[in-house]
Amino acid sequence: MFWLKLFRPKDIPNRKTDWNWRIRFYHWALVSLMPIYKRGAISDVVNVGDLQVIHNVRDYWYEQELLRFRIDTAQHLEKQSSPYNIKRKYHRSCIFNWSESLLVFHDGKSYNVKLGKDYSIATDIEGALKVSSSRDIILRSEFSAKLSGFNKGKNQITKPLRDKQVVDEPKSESSLRRKIEVRDSVPPAHSPEESKTSKFRGFEESDIF
């Protein structure tokens, strides 16, 4: 990717007929790298009510260059049934500068875990954050917060999964799993006014009627 940045043109003429050999070579290189990029690029979005979780593994600089040359990067989603399984070779090529992130959006606030050159966690949600010490063999993080909007307006506390092993995905800052348990408190099935009975000559008479 370093060599590609050296050939990066500052200005791109609107007409392809006005492109010089340098711009044409740069465009050819961008298109040629697309099959390699598709093997490692990921963008997963999960929407549950007003809660949104996004997991990205992308090279944003490369994608920005594709947009500069108006190369198609739009979404092409097709409806599928679950469980969904496809045989596909997944590989993150060292050519690209991968950036992995996990984003959670709820009630206008966000929680962002980013893994690139640095490992960072940023959020404007009030809660308790725990991160692994140097003695931990796995880099772990745990965030617990009270979220509004669940259970008809009653706050519930998020309870993350603990020590759950994931076989098909390596443990990293973006593969953090979260489990939100919503438990409804159901009151006992009693009528607000209990019926009162009285005995009259051996018969029971209820005054609820």
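Relevant structure appears above.
None of these values were measured; they are calculated from a predicted model.

(A) Here's a closer look at unusual backbone geometry. In this structure, Pro83 follows Ser82 across a cis peptide bond, with omega equal to 0°. For Pro83, the location among the structural elements is in the loop between helix H3 (60-68) and strand S3 (99-106). The phi dihedral of Arg70 falls on the positive side, at around 60°, and the residue is not glycine. Secondary-structure assignment places Arg70 in the loop between H3 and S3. The residue Asp107 is not glycine, and still its phi comes out positive at about 55°. Structurally, Asp107 is set in the loop between S3 and strand S4 (109-115). Looking at Asp107, the relative accessible area reads 53%, which means it is exposed.

(B) Geometry of the nonpolar core. In terms of nonpolar packing, the biggest core is built from 16 residues, with Leu4, Leu30, Tyr62, Phe69 and Phe96 touching the most fellow members. For this core, the secondary structure elements donating two or more residues are helix H2 (21-38) and H3. Considering each element in turn, this core owes the most residues, 6 residues, to H2. Residue contacts for Leu4: discarding those within four places in its chain leaves Tyr26, Ala29, Leu30, Leu33 and Trp61.

Basis of the calculations
Residues numbered from 1 in each chain as written. Predicted model: local features only at pLDDT ≥ 70, side-chain atom pairs only at ≥ 80, totals over all residues. Heavy atoms only, no water. Helix = DSSP H or I, 4+ residues; strand = E, 2+ residues; numbered from the N terminus. Buried < 20%, exposed > 50% of the residue type's maximum accessible area, 1.4 Å probe, protein only. Core = buried A, V, L, I, M, F, W, Y, C linked by side-chain atoms within 4.5 Å. Contact = heavy atoms within 4.5 Å.

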